[in-house]
Amino acid sequence: HPLKCPGLLLQTFRTVLDWGLLSSCMDVARLLGLAVGWLFTGPYVAFERRAGEPETTELFLQRLRLSPTVVQKFLRPFFEAIYVTPLTEQSSVLFRFVLRMLGVGGAALPAEGMRAVPEQLAAKLRRPVRLSSRVHEVRPDGIQVDGLWADYDAVVVAADYPSARSLVDLDHLANTRSATWYFAIDGPSPIR
């Protein structure tokens, strides 16, 4: 993000020249047009305006008329890595929401790592979290573990797709594959 990291402006300019100055300027103008709309609406408005057939991210990007270069070299690999699914299967509503959050917000990781997120959520709950326990059945207001039902105000199923499908009625989806690479460096993070 050149406004947040002005020291990288030269590298950004080289990328613009490599991708084509005119098409890059047109892409920036089109994305700025999208961003201007964000000034007058709340972040969740895209979720409220769902009429008719859902639009895929790929169709949305075609309608936005972004250059094939920015789509193929940046948006496609970036968002396909986030969702681990092709743009043809992604919701344009979620794409617009995440793009907005990345554009106006800050991307960050917890200092204690991603494990800190569920730990912080669990710490705020009224009842303790039970770990390493297989859930046998789910209903909107409870779960069954080891033959016993526990009642809750609401139940959220956060599981891999095959496990979630065994608990709730979900359509069959084609499998996707992904690989995760972990890198480590000796010393403190180079990004602050």
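Residues numbered from 1 in each chain as written. Predicted model: local features only at pLDDT ≥ 70, side-chain atom pairs only at ≥ 80, totals over all residues. Heavy atoms only, no water.

### Considering the sheet that holds strand 3 (residues 148-151)
- Within the open sheet, the three strands sit side by side as 1-2-3. Their pairing is antiparallel. Here the strands that pair on one side only, and so sit at the sheet edges, are strand 1 (135-139) and strand 3. With strand direction ignored, the average angle separating the axes of adjacent strands in the sheet is 20°.
- Alignment of strand 1 against strand 2 (residues 142-145), held across four bridges, turns out to be antiparallel. Counterpart to E137 in the pairing with strand 2 is Q144. (Pairing = 2+ DSSP bridges. Helix = DSSP H or I, 4+ residues; strand = E, 2+ residues; numbered from the N terminus. Axes fitted to C-alpha atoms, helices over the stretch in contact; angles between N-to-C directions.)

### Notes on a nonpolar patch on the surface
- A surface patch of nonpolar side chains, about 320 Å² in accessible area, is lined by F74, F78, I82 and L102.
- Ranked by the residues each element gives to the nonpolar patch, the list is headed by helix 5 (residues 68-83), at three residues.
- With respect to the helices and strands, L102 occurs in helix 6 (residues 92-104).
- Note on L102: relative accessible area 36%, which makes it partly exposed. (Patch = residues over 30% accessible without salt bridge, like charges linked within 9 Å, V, L, I, M, F, W, Y side chains within 5 Å. Areas by Shrake-Rupley, 256 points an atom, 1.4 Å probe, with all protein chains shown as cover. Salt bridge = Lys/Arg side-chain N within 4 Å of Asp/Glu carboxyl O. Buried < 20%, exposed > 50% of the residue type's maximum accessible area, 1.4 Å probe, protein only.)

### Things to note about the environment of T57
- Looking at the element boundaries, T57 is found in helix 4 (residues 57-64).
- Given the relative accessible area of 0%, T57 is considered buried.
- A C-alpha to C-alpha distance of 9.4 Å links T57 and F79, two positions 22 residues apart in sequence.
- Beyond its immediate chain neighbours, meaning those up to four positions away, T57 contacts L87, Q90, S91, S92 and F95.
- Here S91 takes part through its backbone oxygen, which lies 3.2 Å from a polar atom of the side chain of T57. (Contact = heavy atoms within 4.5 Å. Polar contact = N/O pair within 3.5 Å; in protein donor to acceptor, adjacent residues only side chain to side chain.)

### What to know about the pattern of salt bridges
- Counted according to the given criterion, the structure contains seven salt bridges.
- Note that R115 and E119 form a salt bridge whose closest N and O atoms lie 3.3 Å from each other.
- A relative accessible area of 56% places R115 in the exposed class.
- One continuous salt-bridge network, built from bridges that share partners, spans E58, R76 and E80.

### Some points on helix 2 (residues 21-38)
- The end-to-end C-alpha distance of helix 2, which contains 18 residues, comes to 26 Å, matching closely the 26 Å that a straight helix rising 1.5 Å per residue would cover.
- Within the span of helix 2, buried status applies to S24, D27, L34 and W38. Taken around the axis of helix 2, the buried residues stretch over an arc of 85°, which confines them to a single face. Along helix 2, the residues that are exposed and aim more than 90 degrees away from the buried face are L22 and L32. (Expected span 1.5 Å × (residues − 1). Arc of directions from axis to C-beta.)

### Brief notes about the packing of aromatic side chains
- The full count for this structure, using the stated rule, is five aromatic pairs.
- Between F74 and F78, the aromatic rings sit 5.6 Å apart at their centres with planes inclined by 15°, giving stacked as the arrangement. You can see F74 and its partner F78 sitting in helix 5, four residues apart, about one turn around the helix.
- In this structure F74 comes out as partly exposed when scored by relative accessible area, which is 39%.
- Taken together, the ring pairs connect F60, F74, F78, F79 and F95 into an aromatic cluster.
- Cation over ring: R96 sits above F60, and NZ or CZ is 5.1 Å from the ring centre.
- The ring of W149 is capped by R139, whose NZ or CZ atom sits 4.2 Å from the centre of that ring. (Phe/Tyr/Trp six-rings, centres within 6.5 Å; stacked < 30°, edge-to-face > 60°. Lys NZ or Arg CZ within 6 Å of the ring centre and 35° of its normal.)

### Re the confidence of the model for the chain
- This prediction gives the chain a mean pLDDT of 82; 90% of its residues lie at or above 70.
- The spread of mean pLDDT over the elements of the chain runs between helix 1 (residues 9-19), the lowest at 75, and helix 4, the highest at 93. (pLDDT = per-residue confidence, 0-100.)

### Notes on the pairing of strand 3
- Where strand 2 and strand 3 come together, four bridges link them in antiparallel fashion. Of the residues in strand 3, the one forming a bridge with Q144 is W149.

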